[in-house]
Structure formats: structure tokens, C-alpha cells
Amino acid sequence: LAAGNTVVFAPHPSAKTVQSGLTYNAYKAAITRNLSQTTFEKDEVYTVSCYYYVEDKSTIDSDLALEFKGTKLGETQEQSNPIAVYTVKPSDIVEGSWTRIYKTFTMPYTYEKCCVRGHLIKNGTAWFTDFKLEKGNRVSDWCPAIEEYKGSSIHIQPSTNVFKYSGSAYSPST
């Protein structure tokens, strides 16, 4: 897992995730955008999105996924559950260009300690960037300006292969 500018998107940084040798679905090398300071109310509609980039889709042997996870209000972080998941099958992966994926959903409960994740289910190489969670049923063209990434922090946890990004780039649309 690497963070940097080897593959950039307009000119936002991206994170590269690489897995190999797995014989089972591991959901590792997740790239996560934490939204832990926000509560998301039951029955509200949101759209989650990100961009992915794959140079060679023949390296990918299972789905690529965008996931929104959270902890129900009052539960512990260990009880975090997937709320919305969008997967791309290897045969449908676009090769050689940044591709946006998104999913619109209704919050089934009130959640806190949420995150947006991009990951490979098994083996392969992919880049992810520009995670967004927007209120409503449409994905917008809004992206944080590169200046909004300044002062942000990137954390890589080698024991779990989880990339965590925190900063001021989250801005819900109304």
C-alpha cells in the first residue's frame, strides 16, 4: 500500500493498493476516508462515490469495491457494519483511465463513526482517490481544491493494511 503521486487525478493524490498471493477473499488493503465526527440520521438519502484507476485488469481476480461503513449510534466501533456497497466485477473494470463509481442509498439506522472505503476483495493493483459522501440522490462534480488537502494526515496501519485519510476535504452538499 502506498500513498503518493505516482498516479494522480486532477491533481489530487491517490493511494495505490496491491495484493498478491491470496487464495481467499480477504477485503484487505482498504483505502479509507474517515467521517468519524459526523452523525448520519436514519432515512436520509446519501450518495457515496470515488474514482478508481487500474493499469492492467488481468492482475485482478475478484471484485473491486466501494463501501460505506458505520457504527449504529450507541454501539462500539467493533460493531461497524457495511451500510452500502458497490462492486465492480473484474470483467467490468475499466482499464487505463480514472473511472467514477457511486451508490445511492437510504440510511437504515442512525450511524456515527462512519467511513468510505475503496478496496480489492482479493488480488490485484488499483488506485483510489476523491472519496465523497453527499447528501441526496445525485453525485456532483464538486471536488475539494488541492489546497484543501493541506494539513490533512495520511496513516497507514501495516498490521491491517488499512490506509486512513483524515483532513478537511469532506464537505457535504445540500
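Preceding block: the structure.
This text gives an overview of the structure that appears in the document. (Residues numbered from 1 in each chain as written. Predicted model: local features only at pLDDT ≥ 70, side-chain atom pairs only at ≥ 80, totals over all residues. Heavy atoms only, no water.)

1. A few points about the state of the cysteines
(1) Moving on: Applying the stated criterion across every chain yields a total of zero disulfides.
(2) Moving on: Distance from the sulfur of cysteine 114, which forms no disulfide, to the nearest cysteine sulfur (cysteine 115) is 7.5 Å. (Disulfide = S-S within 2.5 Å.)

2. Notes on the packing of aromatic side chains
(1) Moving on: Scanning all chains against the criterion turns up eight aromatic pairs.
(2) Moving on: Judged by centre distance (5.7 Å) and plane angle (90°), the ring pair of phenylalanine 40 and phenylalanine 68 falls under edge-to-face. Placement of phenylalanine 40 in the loop between strand 3 (31-35) and strand 4 (45-53) and of phenylalanine 68 in strand 5 (residues 64-72) is noted, with a sequence separation of 28 residues between them. Assigned by exposure class, phenylalanine 40 and phenylalanine 68 land together as buried.
(3) Moving on: Note on phenylalanine 128 and phenylalanine 131: the rings are 6.5 Å apart at their centroids and 20° apart in plane angle, and the pair reads as stacked. The same class applies to phenylalanine 128 and to phenylalanine 131, which are both buried.
(4) Moving on: By way of ring pairs, the aromatic residues Phe40, Tyr46, Phe68 and Phe105 are connected into one cluster. (Phe/Tyr/Trp six-rings, centres within 6.5 Å; stacked < 30°, edge-to-face > 60°. Helix = DSSP H or I, 4+ residues; strand = E, 2+ residues; numbered from the N terminus. Buried < 20%, exposed > 50% of the residue type's maximum accessible area, 1.4 Å probe, protein only.)

3. Considerations on unusual backbone geometry
(1) Moving on: A positive phi angle, near 75°, is found at aspartate 43, a position not held by glycine.
(2) Moving on: Considering the arrangement of structural elements, one finds aspartate 43 in the loop between strand 3 and strand 4.
(3) Moving on: Residue aspartate 43 is classed as exposed on the basis of its relative accessible area, which comes to 55%.
(4) Moving on: Of note in the backbone geometry, lysine 113 takes a positive phi value of approximately 50° without being a glycine.
(5) Moving on: Among the secondary structure elements, lysine 113 is positioned in strand 8 (residues 111-120).
(6) Moving on: With relative accessibility at 30%, the residue lysine 113 sits in the partly exposed group.

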